[in-house]
Amino acid sequence: MGWFVLGMLGLVGVGAIALYNRLIGLRNQVLNGWRQIDVQLKRRHDLIPNLVNTVRGAMEFERDTLTQVMEARARAVSATGPADAAKKEGELSQALGRLFAVAENYPVLKANDNVRMLQEELTSTENKVGFARQFYNDISTKFNTAQQTFPSNMLASMLGFKPAELFELTDPAERQVPTVDLSMRK
Amino acid sequence: MGLFVAFLLFLGYGFDRFYLGDGEVFFPIGTIAALGVGSVSAFSSYYSGDRAVLLSTGAVSLARALSAATAEGEALKIRQLDNVVEEMAIAAGLPKPKVFVVPDADPNAFATGRDPEHASIAVTQGLLNVVSRDELQAVIAHELSHVRNLDIRLMTVIAAMVGAIALLADWTGRGMRSGIGGGSSRRGRKGKDGGGAALLLAVWIVAMLLAPIVGQTLAMMVSRRREFLADASGAELTRNPLALASALEKIQQAHAPTVSVKRGTAHLCIADPLGRAVGLRQGWLPDLLASHPPMAGRIAALRQMAFQE
């Protein structure tokens, strides 16, 4: 009888360790996913001045559009807190979308290899931001599910794990389907 | 997979019982030897196989492909490939694999490497020429799913078992022809358990004769299942199953053998590189022999994911 109880305790102990390690592993992945979004946003900020400089010569009459992009970028860079950042990054995306829509009117730009390369870079950066968010949401959902399902929920609540917040669109305008086609389809 | 192990165990059991020993002092020396030899060859390919595969296909790294790019827009395509691979690595939460371009006009792509940290993805020039950005993304997602699902490791283990089965069959065939061994076991059997063992012996001989074919068939069965899985998890990464469906359609239209990809890598390609006609038809024979499920079936499954059809 004594051995049986001891064995059961041992089993529970091993199980608890496995659950704990899983929770910690997930939490670190969630943190990493969040950082990854930041990395991609930073890359986008770095790319935009390049783009604006490349198209400036050909788009002299579109000063407004270019200034809007640069201003939106400046606001996005200086954003504080996730909610604020999400809003301003959304505005930046829209300003970029307008820039590309206007650029369609300039055949010189469409034919320019440098511009097409930059456009590809920006498309890709937009995608990377999107996929980083997707990964963050996927892994956060896994983390939250692990915290809320039996038996890991007992351990999670005992150790004070907090559910990860999912990334959501805060700006209703962003929910609308974008009208600008940024892709390179021909 | 379980079927595979069972088949190998049955062959090995028969080999040891009827061929080597006399059924009483049972130690599976034959099975262990065959598995050992099969494993050594398979695991050497596990560690250096990616380099060998890339070398044999003539794949060149992106940097070299970029410096060789002369045509208008070619540099852009290569940059796009690099970007798309990075996007998919982010979506899968994996380190970015090395990227290669294979100078071959047939559209195809494959992944290799033993684990996500040592993975490489290669696409043919032909693929870059025909697919759009979205479709390229879908193809890369499929290949990255092979990496993420550890299919390369799985297929290595399977290759080891196919090798072991082939070896057992080969040894038996050789021994029977030259008349070495076998005698003692037959004598031992007659005295002891008669009919049941004789039946088992007959079944075993038939199985042994068919072994190489059955081994291949089972391997292909596993391979086909992993293809469906990679299609599905690829779509999970891009959230765009239709892009993969249309990429598969384009690959199917340009259906010709991918000259630079050898048979051994077939199961890691997005489409059967041998251009076998069996890959296109449905029915029991192609179902047994193809390394990839029929294209029509894959496309239909992807359409279903997007709630079309």
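A. Representation of the overall build of chain A. Secondary structure assignment for chain A yields 7 helices and 0 strands. Starting at the N terminus, the α and β elements of chain A follow one another as α-α-α-α-α-α-α. A burial count over chain A gives 23% of its 186 residues as buried. In chain A, 77% of the contacts between residues at least 6 apart in sequence involve partners at least 24 apart.

B. The interface of chain B and chain A, seen in detail. Counting from both sides, the interface comprises 11 residues of chain B and, opposite them, 16 residues of chain A. With 8 residues, the single largest contributor to the side of chain B that touches chain A is helix α4 (residues 74-92) of chain B. Looking at side-chain class alone, the side of chain B that touches chain A contains 3 nonpolar, 4 polar and 4 charged residues.

C. Representation of the confidence of the model for chain B. All names here are of chain B. Residues at a pLDDT of 70 or more form 75% of chain B, whose mean pLDDT is 77. Considering each helix and strand of chain B separately, the mean pLDDT is smallest for helix α8 (residues 183-191), with a value of 44, and largest for helix α6 (residues 133-148), with 93. Segment residues 180-191: pLDDT under 50, and 17 contacts once partners within four positions in sequence are set aside and those in other chains are kept. Predicted confidence for residues 277-281 stays below pLDDT 50, and this span has 13 contacts to residues more than four positions away or in other chains. As scored by the predictor, the complex reaches a pTM of 0.80 and an ipTM of 0.77.

D. Inspection of the pairing of strand β3 (residues 109-112) of chain B at higher detail. Residue and element names in this part refer to chain B. Burial along β3 is two-sided: A109 and A111 and F110 and T112, pointing in opposite directions, are all buried. Sheet analysis places β3 next to strand β4 (residues 120-124), joined by 4 bridges and oriented antiparallel. Looking across to β4, one finds that T112 is bridged to S120.

E. Up close: helix α2 (residues 63-77) of chain A. Residue and element names in this part refer to chain A. Relative to the 21 Å expected for 15 residues at 1.5 Å per residue, α2 spans 21 Å between its end C-alpha atoms, a close match to the ideal helical length. Turning to α2, its buried residues are V69, A72, R73 and A76. One side of α2 holds all its buried residues, which, seen down the axis, span an arc of 100 degrees. Turned more than 90 degrees away from the buried face of α2 sit R63, D64 and T67, all of them exposed.

F. Local environment of the nonpolar core. Residues and elements named next belong to chain B. Counting 59 residues, the largest nonpolar core has M88, A122, V139, I140 and L144 as its most contacted members. Take this core: its biggest share by element is 9 residues, from α4. Counting 22 residues, the second largest nonpolar core, distinct from the first, contains L11, A160, A164 and V214.

G. Quick look at the environment of R79 of chain B. Topologically, R79 of chain B is positioned in helix α4. With 13 residues separating them in the primary sequence, R79 of chain B and L66 of chain B have C-alpha atoms 8.1 Å apart. If we skip the residues at most four places from it in the chain, R79 of chain B touches M117 and E120 of chain A.

Rules behind the numbers
Residues numbered from 1 in each chain as written. Chains lettered and ligands numbered in written order. Predicted model: local features only at pLDDT ≥ 70, side-chain atom pairs only at ≥ 80, totals over all residues. Helix = DSSP H or I, 4+ residues; strand = E, 2+ residues; numbered from the N terminus. Buried ≥ 20, exposed ≤ 12 C-beta atoms within 10 Å, placed from the backbone. Contact = placed C-beta atoms within 7 Å. Nonpolar A, V, L, I, M, F, W, Y, C, P; charged D, E, K, R; others polar. pLDDT = per-residue confidence, 0-100. Pairing = 2+ DSSP bridges. Expected span 1.5 Å × (residues − 1). Arc of directions from axis to C-beta. Core = buried A, V, L, I, M, F, W, Y, C linked by C-beta atoms within 7 Å.

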